[in-house]
Number of protein chains: 2
Amino acid sequence: MKVMLVILDGMGDRPSAILGGKTPLESANTPNMDYLAEKGINGIMDPIAPGIRAGSDTAHLSLLGYDPYGVYTGRGPFEAAGENLELKPGDIAFRCNFSTVDENMNVIDRRAGRIKERTHELAETLNGMEIDGTSVIFKESVEHRAVLVLRGEGLSPRITDADPHRLGRVNEVKPLEKGAERTADILNTFVRKSHELLKNHPANIERRKKGLPPANIVLPRGAGMVPHLESIGEKYGIKAGVIAGVSIVKGVCRLAGMEILNVDGAKGNAESDFRAKISAGMEYLGRGDMVLVNMKAPDLFGHDGDPEGKKAIIEKIDEAMDPIKDILDHTIVAITADHSTPCDLMDHSGDPVPLLIAGPGVRTDDIGNFGERSAPKGGLCRVRGCDIIGILLQLAGLSEKFGA
Amino acid sequence: MKVMLVILDGMGDRPSAILGGKTPLESANTPNMDYLAEKGINGIMDPIAPGIRAGSDTAHLSLLGYDPYGVYTGRGPFEAAGENLELKPGDIAFRCNFSTVDENMNVIDRRAGRIKERTHELAETLNGMEIDGTSVIFKESVEHRAVLVLRGEGLSPRITDADPHRLGRVNEVKPLEKGAERTADILNTFVRKSHELLKNHPANIERRKKGLPPANIVLPRGAGMVPHLESIGEKYGIKAGVIAGVSIVKGVCRLAGMEILNVDGAKGNAESDFRAKISAGMEYLGRGDMVLVNMKAPDLFGHDGDPEGKKAIIEKIDEAMDPIKDILDHTIVAITADHSTPCDLMDHSGDPVPLLIAGPGVRTDDIGNFGERSAPKGGLCRVRGCDIIGILLQLAGLSEKFGA
């Protein structure tokens, strides 16, 4: 038997006045998820623990059986892993923006006009430099985004961001604990050098000619140390893959030793080809034991505070799930979210998320539709994210007995 | 007030096609457990944690408030303790079979024709020997079964089994980690010596004459280190006893410092006198605070894949529970299982088990029958095995306040 875990990112929500007091999921017409709820067992899940406002990174770590408090020091390593950088435990990684500063080092555009062209050339100018015996690995990502990795001895992730997160003076990076001073110095040097090396780069001269803001500095944020994660294969003896549009989810799964399955049309937004992602997941199960399929779109509508949009995208994803009904005789299927992103909050909340599990042997309950307020009446009651993989693998007959 | 904890071993199950989509417990006519469910509070319990496939040994450790991940290295010590061997923390203990090998050390009968006679004489031949400064304690158990204890300095439980678990060559014991080489050598020597000392033993000469396979070797398996367990008395300040037919449950309780109550007719199988066990438990509560009564039979039917048989034995055990209704005014009674053994799986699963608690002061709910799918709608929701003893002792007014 196989396992398919479908994560509707940020799907959990709170009652919305705009939707007549229902949540987007409750309000949406979701015949396929309702079918699975009816054929399965339902409950709610705290992605990390009750009341904890999980990020997508920390939540996915938890869903894969890792303790985020033990392995997570910042977002950087997961973004970098999602961009296919080869990371080593102990590396310090950052998310970065190409930004625009004036001659006084004041940030006047945090995204350098959402630059799209020639960022590879800019990145190559910075990649490979050495600062105080520390290697710099730098790679452009989508548009103005990039990732930075510092590799060397004695580095610490406990430093502040260079990115001021608003217009104004570039932050001087400061240590957040004793022993992090040198890493802060190295990062300050990197930021200064990025300005020196980029300000007169041909790509920026071209941009200025066109009246576009130059990408004349790199501003790192979200420092984190690359953790050593025992791979999913070592932990559970299974072969697992992931289909996701966003690099942070791919990065978590990559560091967990999962196979990254690239699907045309997996964009990490509302334009994603959800049907293609589900198909690719089903196809992967021909050679793997478990697949995680992440759909980012609901989270984006939550952040935008758009309950109608969130409802509509949940309906669209539900439509794409139609083929799942045909694999229930040999697959344990779970549908849930990595966290709640209530539209009224426009950010992640600590509310639990609904969870359904369907497939052979499941102890069904009498819940007939999938929603935040029907799920807790189901047979799963309330579980934690870290328990999910164990629950699914044992249902699929893929786990070891502990004891005799 | 007193506490009676009744464990129907392996009772939890999954919906069975043979039983019209019901579990054996749901399908069984259980007026007494239904009465207790109605008078009490219901829920589901993860013996160790959600999704973990517990053994009877690890589950009972958890139910008594111990962390099996901290104290469990293998089944041997609990079997040996269940056979009344005096164990010391650090001893390495094994389950063993008397087996039959041919002249090439190929196992031709793993159970030596299920030998019943003169095993005490065979055991005495091996008991008390010394190998490389390590004492050997060896005792026969029921039929072909026996237990072995190695006592000495620097021993490790991290070694493989000598028992090949099927016909064929006797396994050479191998270390599973650095530092376990010597223990592996000692065990290999023990196995070789057992053959030398038993092959021409008078009991085996007699067996050969009768055309029976000789018990000419001992094959150990399930190495484990005897843990130091703080006793139930020290942990909770109570006096507790156990009634169980199978040695592994008795062994866990014995290492936890509980009194082993021997009951005529407690056989650890379907022929057990369930009524006698319940009566003996009630009687013990005249002098003790808490009694655990384990009924092994449902687990055996689960392993045999026999849902009709499991249903019937649950009905028989339910009948035996009739007198419990009369002690509810001064006893907290809990009924649950140590794990699920679904008939369709013929092995332990990681599914939660139903739990009911009845007695004075319990916050009743509206559940009127005892079953895997009615229980989660009850007032206990979902709890863990390690929490049970605390829940029961506080209801009985037997626990200390933590804080002011």
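Residues numbered from 1 in each chain as written. Chains lettered and ligands numbered in written order. Predicted model: local features only at pLDDT ≥ 70, side-chain atom pairs only at ≥ 80, totals over all residues.

1. Remarks on helix α2 (residues 31–39) of chain B
Applicable threshold: Our exposure labels follow a C-beta count within 10 Å of each residue's own C-beta, placed from the backbone: buried means 20 or more other C-beta atoms, exposed means 12 or fewer, and partly exposed covers the counts in between. For helices the rule is a DSSP run of H or I covering at least 4 residues; for strands it is a run of E covering at least 2, with both sets numbered from the N terminus onward. By definition, residues are in contact whenever their C-beta atoms, placed on the basis of the backbone, come within 7 Å of each other.
By the burial criterion, the buried members of α2(B) are Met33(B), Tyr35(B), Leu36(B) and Ala37(B). On its buried face, α2(B) sits against β2 (41–46), α13 (307–320), β14 (331–336) and β15 (353–358) of chain B.

2. Quick notes on the sheet that holds strand β13 (residues 290–295) of chain B
All names here are of chain B. What counts here: Here a strand pair is declared whenever DSSP counts at least two bridges between the two strands.
Pairing in this open sheet of eight strands is mixed, and the strands run β12-β11-β13-β1-β14-β15-β2-β16 from one edge to the other. Pairing within the sheet leaves two strands with one partner each, and these edge strands are β12 (259–260) and β16 (381–384). Two elements, strand β11 (residues 240–243) and β13, share four bridges in a ladder whose sense is parallel. Counterpart to Ile243 in the pairing with β13 is Val293.

3. Overview of the sheet that holds strand β11 (residues 259–260) of chain A
Residues and elements named next belong to chain A. Note the following rule: Only the stretch in contact is used when fitting a helix axis, every axis being a line fitted to C-alpha atoms; angles between N-to-C directions are given from 0 to 180 degrees.
Spatial ordering of the open sheet is given by β11-β10-β12-β1-β13-β14-β2-β15, a layout of eight strands whose pairing is mixed. On the outer flanks of this sheet lie β11 and β15 (381–384), each paired with one strand and no other. Against the sheet, helix α11 (residues 274–284) touches β1 (2–8), β10 (240–243) and β12 (290–295), its axis set at about 170 degrees to β12.

4. Notes on the relation of the copies chain A and chain B
What counts, and what does not: Least squares is the method used to superpose the copies, on C-alpha atoms of residues holding a pLDDT of at least 70 in both.
The two copies are related by a screw motion: chain A maps onto chain B through a turn of 125 degrees and a shift of 0.3 Å along the axis, at an RMSD of 0.2 Å. Taken together, the rotation and translation relating the two chain copies correspond to the operation of a three-fold axis. Relative to the rotation axis, the C-alpha of Cys381(A) is the closest in chain A, positioned 3.5 Å from it. With a heterologous cut-off of 20% or less, the 11% of interface residues of chain A that recur at the interface of chain B puts this contact in the heterologous class.

5. A short note on the environment of Ile278(A)
All names here are of chain A. Summarising the element assignment, Ile278 is placed in helix α11. Placed 77 residues apart in sequence, Ile278 and His201 show a C-alpha to C-alpha distance of 43 Å. Excluding anything up to four places from it in sequence, Ile278 contacts Val293, Ala320, Met321, Pro323 and Ile324.

6. Regarding helix α3 (residues 56–63) of chain A
Residue and element names in this part refer to chain A. Counting buried residues along α3, eight of its eight residues qualify, which places the element largely inside the surrounding structure. Listing the buried residues of α3 in full gives Ser56, Asp57, Thr58, Ala59, His60, Leu61, Ser62 and Leu63. Check the buried side of α3 and you find it contacts α4 (68–71), α5 (76–82), α10 (247–255) and α14 (385–395). Where α3 ends, the next residue or the one after it, Gly65, has phi of about 95 degrees, a positive value.

7. Some words on the interface of chain A and chain B
As a reminder, the rule being used: Three categories are distinguished: nonpolar for Ala, Val, Leu, Ile, Met, Phe, Trp, Tyr, Cys and Pro, charged for Asp, Glu, Lys and Arg, and polar for the others, with Gly belonging to the last.
Counting residues at the interface gives 18 residues for chain A, matched by 31 residues for chain B. When residues of the side of chain A that touches chain B are traced back to their parent elements, those giving at least two are β15, α14 and β16 (401–402) of chain A. The element best represented in the side of chain A that touches chain B is α14(A), accounting for five residues. Split by residue class, the side of chain A that touches chain B holds six nonpolar, seven polar and five charged. Pairing of β16(A) with strand β3 (residues 53–54) of chain B involves two bridges; the strand directions are parallel. The residue bridging Phe402(A) from the neighbouring strand is Ala54(B), located in β3(B).

8. Some details on the pairing of strand β7 (residues 145–151) of chain A
Residues and elements named next belong to chain A. Counting buried positions along β7 gives five out of seven residues, so the element sits mostly inside the fold. Of the pairings in the sheet, the one linking strand β3 (residues 92–101) to β7 comprises six bridges and is antiparallel in character. Bridged to Arg95 within β7 is Val147. The sheet contact formed by strand β6 (residues 134–140) and β7 spans six bridges and is antiparallel.

9. Digging into the domain arrangement of chain A
Convention followed: Domain start and stop points were drawn from an automatic or database domain assignment.
Under the domain assignment used here, chain A contains domain 1 (2–72 + 228–395) and domain 2 (84–225). The straight-line distance from the C-alpha centre of domain 1 of chain A to that of domain 2 of chain A is 33 Å.

10. Description of the nonpolar core
Rule in force here: For our purposes the nonpolar core covers buried Ala, Val, Leu, Ile, Met, Phe, Trp, Tyr and Cys residues that link as a set through C-beta atoms within 7 Å.
Ranked by size, the top nonpolar core spans 255 residues in total, and within it Ala334(A), Ile357(A), Leu392(A), Ala334(B) and Leu392(B) carry the most contacts. Once residues lying within four places of it in the same chain are set aside, the contact partners of Leu392(A) are Val3(A), Leu5(A), Ile332(A), Ala334(A) and Ile357(A).

11. Describing the packing of helix α6 (residues 119–126) of chain A against helix α7 (residues 181–198) of chain A
Two packed helices can be described by the angle between their axes and the distance between those axes. All names here are of chain A. The condition that has to hold: Any angle that falls under 35 degrees is termed roughly parallel, while one over 145 is termed roughly antiparallel, one within 65 to 115 roughly perpendicular, and all others oblique. Crossing handedness: left-handed means the near helix sits turned counterclockwise from the far one by under a right angle, and right-handed means the same turn made clockwise.
In the contact formed by α6 and α7, the axes pass within 10 Å of each other and the chain directions differ by 125 degrees. The angle between α6 and α7 falls in the class oblique. The hand of the α6/α7 crossing is right-handed. Contact residues: α6 offers Leu122, Thr125 and Leu126, while α7 offers Ser194, Leu197 and Leu198. Residues of the contact of α6 with α7, tallied by class, amount to four nonpolar, two polar and no charged.

12. As for the packing of helix α12 (residues 297–304) of chain B against α13(B)
Residues and elements named next belong to chain B. Contact pair α12 / α13: the axes reach a minimum separation of 8 Å and the direction vectors enclose 175 degrees. One finds that α12 runs roughly antiparallel with respect to α13. Judged by residue contacts, Ala297, Pro298, Phe301, Gly302 and Asp304 of α12 engage Gly309, Lys310, Ile313 and Ile314 from α13. Here the residues of the contact of α12 with α13 are counted per class, giving five nonpolar, two polar and two charged.

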